[in-house]
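Notes for the structure review
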Amino acid sequence: MTDSPQILDALPDGFFTTEARDIRRLFPQPTLIHLHGARAPALFVSILLHGNEYTGLKVMQRLLGRYDGMLPRSLWLFIGNVYAAEQGLRVLPGQTDYNRCWPGTEMAPNAETRLMQRVIDSVTRNELFAAIDIHNNTGTNPLYACMTDPTRRNQHLASLFNHIAVVFHYPKGVSTMAFDGICPAVTLECGKPGDALGIERAVDLVDGLMHLDHFPDRPVPPHDLQLVETQATVRIPDDVSFDFNPSAQADLTFDHGFERRNFTEMKPTEVFAHTRVPRPLVVTNDNGEDITDALIRIENGKVYLNRQMIPAMITLDKTIVRQDCLCYLMTDYSNGGDER
Ligand SMILES: [Zn+2]
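Residues numbered from 1 in each chain as written. Predicted model: local features only at pLDDT ≥ 70, side-chain atom pairs only at ≥ 80, totals over all residues. Heavy atoms only, no water.

On to the overall build of the chain. Across its full length, the chain holds nine helices and 17 strands. In terms of overall size, the chain behaves like a compact globule, its C-alpha atoms giving a radius of gyration of 21 Å where 340 residues would be expected to give roughly 20 Å. When its C-alpha atoms are laid out on the principal axes, the chain stretches across 65 × 45 × 35 Å. Look at the contacts in the chain between residues 6 or more apart in sequence, and 75% of them connect residues 24 or more apart. Accessible surface for the chain amounts to roughly 14800 Å². Of this, 48% is attributable to carbon and sulfur atoms. (Helix = DSSP H or I, 4+ residues; strand = E, 2+ residues; numbered from the N terminus. Rg over C-alpha atoms; globule rule 2.2 N^0.38 Å. Contact = heavy atoms within 4.5 Å. Areas by Shrake-Rupley, 256 points an atom, 1.4 Å probe, with all protein chains shown as cover.)

The next thing to look at is the sheet that holds strand E12 (residues 271–275). Strand order in the open sheet made by the five strands is E10-E11-E12-E15-E14, with mixed pairing throughout. Looking at which strands have only one partner, the edges of the open sheet turn out to be strand E10 (242–243) and strand E14 (296–299). (Pairing = 2+ DSSP bridges.)

Take the coordination of the zinc ion next. Donor atoms from the polypeptide that bind the zinc ion are His50 (ND1), Glu53 (OE), Glu53 (OE) and His135 (ND1), placed at 2.0 to 2.7 Å. Angles of 53 to 142° at the metal separate the four donor atoms of the zinc ion, which places the site in the irregular class. In the primary structure, the donors to the zinc ion are separated according to the pattern H-x2-E-x81-H. Taken together, the residues span a long stretch of sequence, with Glu53 in the loop between strand E3 (37–47) and helix H2 (55–65) and His135 in strand E5 (residues 128–135) at a distance of 82 residues. By the burial criterion, Glu53 is buried, and His135 matches it. (Donors = N, O, S within 2.8 Å, 3.2 Å for Na, K, Ca; no water. Tetrahedral: all angles 85-135°; square planar, octahedral: opposite > 155°, others 65-115°. Buried < 20%, exposed > 50% of the residue type's maximum accessible area, 1.4 Å probe, protein only.)

A few words now on the packing of aromatic side chains. Overall, the coordinates contain 13 aromatic pairs when judged by the stated rule. Ring geometry for Phe15 against Phe27: centres 6.5 Å apart, planes inclined by 75°, an arrangement best described as edge-to-face. Here Phe15 is found in the loop between strand E1 (6–8) and helix H1 (23–26), whereas its partner Phe27 is found in the loop between H1 and strand E2 (31–35), with twelve residues between them in sequence. Note on Phe27: relative accessible area 0%, which makes it buried. Consider the rings of Phe244 and Phe258, whose centres lie 6.4 Å apart with planes at 25°: the pair is stacked. One end of the pair, Phe244, is in the loop between E10 and strand E11 (252–253); the other, Phe258, is in the loop between E11 and E12, with 14 residues separating them in the sequence. (Phe/Tyr/Trp six-rings, centres within 6.5 Å; stacked < 30°, edge-to-face > 60°.)

What follows is the structure in structure tokens.
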């Protein structure tokens, strides 16, 4: 592992055809590429911070393939966790997650925190136009952008991708948060890895930013963007068995189509899940405090939310549920953002 990125000023031969699994033949270590374009300030794009989320590579291959010669705008491209990409994994066992170690992280300094600090130092030496971090997720989610600071410019940026966006404040150390106060910055969640629509929309967004002169100053009209804010993370305790088939013999079961609840408002009278144990879920807030009893209740073996909330980023992948979480609970971010 290295604590400095390799820095290049041109794409290596083979860039347009490489697969993520073969990426270390071109980029043996995390690599920052600076491509000079017709206008400044430069756009920053990061891909493969999670090694198995290869949509970002496809996006940049397609986008850069459109330009023979000079780009419309200068570009910094950061190719992150090449080690995990080679293995088809989000992160190697025991390795630091490449999207938790950016400046602002709560992590003790290590090779990866130094690497990301050096990336930030290099790309912020001059002004930046915007920073885009391209990811995938595991569930059947709509395409959406995430931001850690709901400024007008970030909302505009998000609305160029889709009409749904998420404001989040945890986990710390994500790349998007590192650019807050520097330039507009969002994370693009492009559906499952390789999802065709996710690639197409991300290419359109990045290409649009290559040509955009400036972000508008007016507020984003509410019908252009549904902005929701994460309030809580829902996990299933390790000793609670669960199944997404409602007739399965398990401590906690969900109705068919639970995944379709993604990004839809759920009323306190609607059944969230069924259970035969007293504490089938643990709900925590951004500070990691247990707020289970405040947010959910159980009546006659049925689990309900105590207030109207929006489940999001639901995954039915049982491994991910155990490693990460079942879903997040969101609320509408209703004040429309501030003046920044
Ligand atoms: Zn990711």
